[in-house]
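Listed here are the chains, written in short residue letters.
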Amino acid sequence: MEDFLTKAHMEKLRAATERLGFAVDFYPKNVLPDEKAGEYEVISLAEEGKHVYTRLDNSRIQNGLHEALGRHWGDGGVTAIDRELATETLRAYGELQLDSAVMRCKLYSLLLPAYTILGDEERQKSLIGTIVSFLPLIRAEQSLALLLLTLYGCTDSSIYYYHAHELIDPWSRESSPKKSKLSLIRRLADYDRWLKHVGIEN
């Protein structure tokens, strides 16, 4: 039987999951400690699911929407290119129906910025309501952080500011945060700067 806990196998798995936007941890005895149970979600991806997950992990759209949010909160406002990207996002993902909590988090983190950039207040408010009711069901820590961060960046709400910092700030004190955590740390810092919350004590 092949040993999947060799260093070579673990490095391949880490590289593959980083490309898909999530992390993998290894427990040699095949037992997840009780205190860690709330940090993980087991997802099963058939070929169709893998395709959807890869589609959601579109760095061009993710980064473009993030930068557009910065302009949304700035003096100049969003550009025509920003609105085109938001419209493209809704065409690509607006009708997706997903069961996995992890993938729903990734989907909502694309749709909410798109509605915000387009100024579609009705659909923005509707999705915020959906997300807020969904939050208690999320077990994976980074997925929860992604949604809280998205809510904060799209609403400038002090509630989501506090909860996003509460979850993400400890990661910056880790000796070697994972790439996926570093991305959320940087985005939180961007939102704080754009929304003029730099220097506020949490």
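Below: a short report on this structure. (Residues numbered from 1 in each chain as written. Predicted model: local features only at pLDDT ≥ 70, side-chain atom pairs only at ≥ 80, totals over all residues. Heavy atoms only, no water.)

Remarks on the pattern of salt bridges
When the charged atoms of two side chains with opposite charge come close together, those side chains can pair. What counts, and what does not: Each reported salt bridge corresponds to a side-chain nitrogen of Lys or Arg within 4 Å of a carboxyl oxygen of Asp or Glu. Helix and strand labels come from DSSP, where a helix needs a run of H or I of at least four residues and a strand needs a run of E of at least two; each type is numbered from the N terminus. Any residue under 20% of the maximum accessible area for its type is buried, any over 50% is exposed, and the rest in between are partly exposed; the area is computed with a 1.4 Å probe on protein chains only.
Scanning the model with the defined rule gives five salt bridges in all. A salt bridge links R60 to E88, with the nearest nitrogen and oxygen atoms 2.4 Å apart. With R60 in helix 3 (residues 59–73) and E88 in helix 4 (residues 80–93), this pair connects stretches of sequence that are 28 residues apart. For R60, a relative accessible area of 47% gives the class partly exposed. What makes E88 partly exposed here is its relative accessible area of 25%. D82 is the salt-bridge partner of R71, the closest N and O atoms lying 2.7 Å from each other. Placement of the pair is R71 in helix 3 and D82 in helix 4, with a sequence separation of eleven residues. Take D82: its relative accessible area is 3%, and that puts it in the buried class.

Some remarks on the nonpolar core
Formally: What is meant by a nonpolar core is a set of buried Ala, Val, Leu, Ile, Met, Phe, Trp, Tyr and Cys residues, joined one to another through side-chain atoms within 4.5 Å. The contact criterion used throughout is that any non-hydrogen atoms of two residues lie within 4.5 Å.
In terms of nonpolar packing, the biggest core is built from 48 residues, with I131, L147 and I168 touching the most fellow members. It is helix 5 (residues 101–118) that provides the largest number of residues to this core, a total of eleven residues. Contacts of I168, omitting those with residues within four sequence positions, involve A145, L149, L184, I185 and L188.

Describing the packing of aromatic side chains
So the rule is basically this: Each pair of aromatic rings taken from Phe, Tyr and Trp, with Trp reduced to its six-membered ring, is defined by centres within 6.5 Å and is described as stacked if the planes are under 30 degrees apart, edge-to-face if over 60, and tilted in the remaining cases.
Overall, the coordinates contain four aromatic pairs when judged by the stated rule. Relative to F134, the ring of Y108 lies with its centre 5.8 Å away and its plane at 90 degrees, an arrangement referred to as edge-to-face. Of the two residues, Y108 sits in helix 5 while F134 sits in helix 6 (residues 121–134), which places them 26 residues apart along the sequence. Ring geometry for Y152 against Y191: centres 6.0 Å apart, planes inclined by 80 degrees, an arrangement best described as edge-to-face. A residue pair is termed long-range when its members are at least 10 positions apart, and Y152 in helix 7 (residues 141–155) and Y191 in helix 9 (residues 179–194) qualify at 39 residues. By relative accessible area, which is 0% here, Y152 ends up buried. The class for Y191 is buried, based on a relative accessible area of 5%. Put simply, the rings of Y152, Y161, Y191 and W194 pair up and form one aromatic cluster.

Some remarks on the packing of helix 4 against helix 5
Note the threshold: Axes, fitted as lines to C-alpha atoms, cover a helix only where it is in contact. Angles between the N-to-C directions of the axes lie from 0 to 180 degrees. Any angle that falls under 35 degrees is termed roughly parallel, while one over 145 is termed roughly antiparallel, one within 65 to 115 roughly perpendicular, and all others oblique. Should the near helix be turned counterclockwise from the far one by less than a right angle, the crossing is left-handed, whereas a clockwise turn marks it as right-handed.
Running from N to C, helix 4 and helix 5 cross one another at 140 degrees; their axes reach a closest spacing of 9 Å. Between helix 4 and helix 5, the crossing angle belongs to the class labelled oblique. Two packed elements cross with a definite hand, and for helix 4 against helix 5 that hand is left-handed. Residues D82, R83, A86, T87, T89, L90 and Y93 of helix 4 lie in contact with helix 5, whose contacting residues are L107, L110, L111, A114, Y115, I117 and L118.

Digging into the side chain of D192
For clarity, the cut-off: Working convention for charge: Lys and Arg count positive, Asp and Glu count negative, and His plus the chain ends are omitted.
Mapped onto the fold, D192 is located in helix 9. Here D192 occupies a buried position and makes no salt bridge, while the nearest side chain of opposite charge, R193, is found at 8.8 Å. Once residues within four sequence positions are removed from consideration, D192 is found in contact with Y152, Y161, H165, H197 and V198.

As for helix 3
In plain terms, the rule: A helix's residues, less one, multiplied by 1.5 Å, set its expected span.
The first and last C-alpha atoms of helix 3 sit 21 Å apart over 15 residues, in line with the 21 Å expected at 1.5 Å per residue. If you check which residues of helix 3 are buried, you get I61, G64, L65, H66, A68, L69 and G70. Against the buried residues of helix 3 lie helix 4, helix 5, helix 7 and helix 9.

Quick look at helix 7
In this model helix 7 runs 21 Å from its N-terminal to its C-terminal C-alpha over 15 residues, within 8% of the 21 Å that 1.5 Å per residue would give. For helix 7, a buried count of twelve out of 15 residues is recorded, marking the element as mostly surrounded by other parts of the structure. Looking at helix 7, one finds that the buried residues are Q142, S143, A145, L146, L147, L148, L149, T150, L151, Y152, G153 and C154. Contact partners of the buried residues in helix 7: helix 3, helix 5, helix 6, helix 8 (158–168) and helix 9. In the segment just after helix 7, D156 is the residue with positive phi, at about 55 degrees.

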